[in-house]
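If you want the building blocks of each chain, they are given just below.
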Amino acid sequence: MIHVGVHVSIAGSIDKAVDRAQEKGCDTFQIFSRNPRGWKIKPLSDKEASRFVEKLEKSGIYPPVDHMPYLPNLAAPPGEVYDKSIEAVTAELQRCGELQIPYLVTHLGSHRGSGEEEGLQQIVSAINTAFREVENGVMLLLENTADTKNSMGGTFEHIRRIIDQIEQKDRIGICFDTCHAFVAGYELRTKANLEKTLQHFDDVLGLEQLTLIHLNDAKGGLGSKLDRHEHIGLGYIGEDGFRVILHDERIIKLPIILETPVDDRRGDSENLQKVRELAAH
Ligand code: ZN
Ligand code: MN
Ligand code: MN
């Protein structure tokens with residue numbers, strides 16, 4: 001049985017995310033635990049946190065996943081943005097602990113022209129600092145990116161070099177985004193090619209690091225580096241590609257989150273249905 005869900009809104013109050021996940025028929029779900037477009041963090045009250053935790057327990061949905069907001073950039077050069085980014089990831093780890101959310105997904109950011117090596121050291125230092133600040137069982141999942149200009153974490157080798165320097169490696173896992181991987185040049189659409197990509201992942205990172213899947217189709221072709229998500233089966237990965245992906249034991253044993261668009265062609269429920277259909281046939 002696959003375990004699949006979507007990104008849901010926390011509008012109103014954070015526990016409403018659980019209601020929305022339930023209404024959409026999710027087995028798992030992802031949230032932004034706060035407004036993803038700002039820097040401001042309003043601390044959670046005990047009441048807010050316990051309402052979320054209680055609802056979650058009752059729902060039977062698991063795991064909930066938290067995604068870092070958009071503004072923090074862990075690879076930013078030294079300065080205000082970098083400092084605020086460390087504060088943001090530290091606060092977010094803390095919030096996940098309070099909400100009993102086991103996984104926090106983060107992008108690796110952009111070095112903004114300061115160079116890959118400099119960016120890498122900034123990420124490592126940010127994560128090590130945050131882990132020293134917050135002692136809890138929350139895992140930080142590094143997400144592979146679309147390998148756009150100046151962006152960090154577009155290749156498995158790149159992520160390896162980051163993990164190598166993390167002090168508390170048992171607190172790190174990987175979120176594999178199918179759209180990002182595909183547009184970064186990793187072919188996934190046939191059994192042989194998926195095997196090659198996963199084998200490469202295993203060689204470089206180790207499949208035991210793979211913790212979560214972001215299942216998205218791509219508006220751009222293989223290697224296009226275009227980070228635009230498409231409905232499952234309607235993009236360049238296509239239905240046949242997803243059928244292959246959704247029949248791989250190494251993938252379907254993991255929680256799967258869709259970050260697909262909502263528009264006049266499809267909503268979340270239709271994409272969830274499509275995934276379950278492709279996984280079953
Ligand atoms: Zn992401
Ligand atoms: Mn993603
Ligand atoms: Mn994306």
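Residues numbered from 1 in each chain as written. Chains lettered and ligands numbered in written order. Predicted model: local features only at pLDDT ≥ 70, side-chain atom pairs only at ≥ 80, totals over all residues. Heavy atoms only, no water.

A. Main features of the layout of surface pockets. Approximately 760 Å³ is the volume attributed to the largest pocket. If you go around the largest pocket, you meet 38 residues; those closest to its centre are Phe32, His67, Met68, Tyr70 and His107. For the lining of the largest pocket, the residue count by class is 15 nonpolar, 16 polar and seven charged. Space inside the second largest pocket adds up to approximately 210 Å³. The wall of the second largest pocket is formed by 13 residues, among which Ser33, Arg34, Lys42, Glu48 and Arg95 lie closest to the centre. Residue classes in the lining of the second largest pocket are distributed as four nonpolar, four polar and five charged. (1 Å grid on protein atoms, 1.4 Å probe; cavity = no way out; pocket = protein on both sides within 12 Å on 5 of 7 lines; lining within 4 Å. Points joined across faces, edges and corners; volume = space filled by probe spheres on them. Nonpolar A, V, L, I, M, F, W, Y, C, P; charged D, E, K, R; others polar.)

B. Up close: unusual backbone geometry. Along the chain, Tyr62 connects to Pro63 via a cis peptide bond; the corresponding omega equals -5 degrees. Within the secondary structure, Pro63 is located in the loop between α2 (46-59) and β3 (64-67). In this structure, Asp147 is a non-glycine residue whose phi angle is positive, near 65 degrees. Mapped onto the elements, Asp147 comes out in the loop between β5 (139-143) and α5 (156-164). Of note in this structure, Lys225 is not a glycine but carries a positive phi near 60 degrees. Mapped onto the elements, Lys225 comes out in the loop between β8 (217-218) and β9 (229-230). (Helix = DSSP H or I, 4+ residues; strand = E, 2+ residues; numbered from the N terminus.)

C. Up close: the packing of aromatic side chains. According to the stated counting rule, one finds six aromatic pairs in the structure shown. Between Phe32 and Tyr70, the ring centres sit 5.1 Å apart and the planes meet at 65 degrees, which makes this aromatic pair edge-to-face. Here the residue Phe32 occupies a position in the loop between β2 (29-31) and α2, and Tyr70 occupies one in the loop between β3 and α3 (80-99), the gap between them amounting to 38 residues. The partly exposed category is assigned to Tyr70, whose relative accessible area is 48%. Taken together, a centroid distance of 4.1 Å and an interplanar angle of 5 degrees make the contact between Phe156 and Tyr186 stacked. With Phe156 in helix α5 and Tyr186 in the loop between α6 (178-183) and α7 (191-204), this pair connects stretches of sequence that are 30 residues apart. Like Tyr186, Phe156 is buried. (Phe/Tyr/Trp six-rings, centres within 6.5 Å; stacked < 30°, edge-to-face > 60°. Buried < 20%, exposed > 50% of the residue type's maximum accessible area, 1.4 Å probe, protein only.)

D. A look at the coordination of the manganese ion (ligand 3). Looking at the manganese ion (ligand 3), the protein donor atoms are His180 (NE2), Asp227 (OD) and His229 (NE2), and they sit 2.2 to 2.3 Å from it. Expressed as a motif, the donor residue spacing for the manganese ion (ligand 3) is H-x46-D-x1-H. (Donors = N, O, S within 2.8 Å, 3.2 Å for Na, K, Ca; no water.)

E. Layout of the sheet that holds strand β7 (residues 210-215). What the eight strands build is an open sheet, ordered β1-β10-β7-β6-β5-β4-β3-β2; its pairing is parallel. Here the strands that pair on one side only, and so sit at the sheet edges, are β1 (3-6) and β2. Looking at each pair of strands side by side, their axes are set apart by 30 degrees on average, direction ignored. Summarising the sheet, strand β4 (residues 103-106) and β5 pair through four bridges and their orientation is parallel. By the bridge assignment, Leu104 is partnered in β5 with Leu140. Packed on one face of the sheet, α3 meets β3, β4 and β5 and runs near 155 degrees to β4. (Pairing = 2+ DSSP bridges. Axes fitted to C-alpha atoms, helices over the stretch in contact; angles between N-to-C directions. Contact = heavy atoms within 4.5 Å.)

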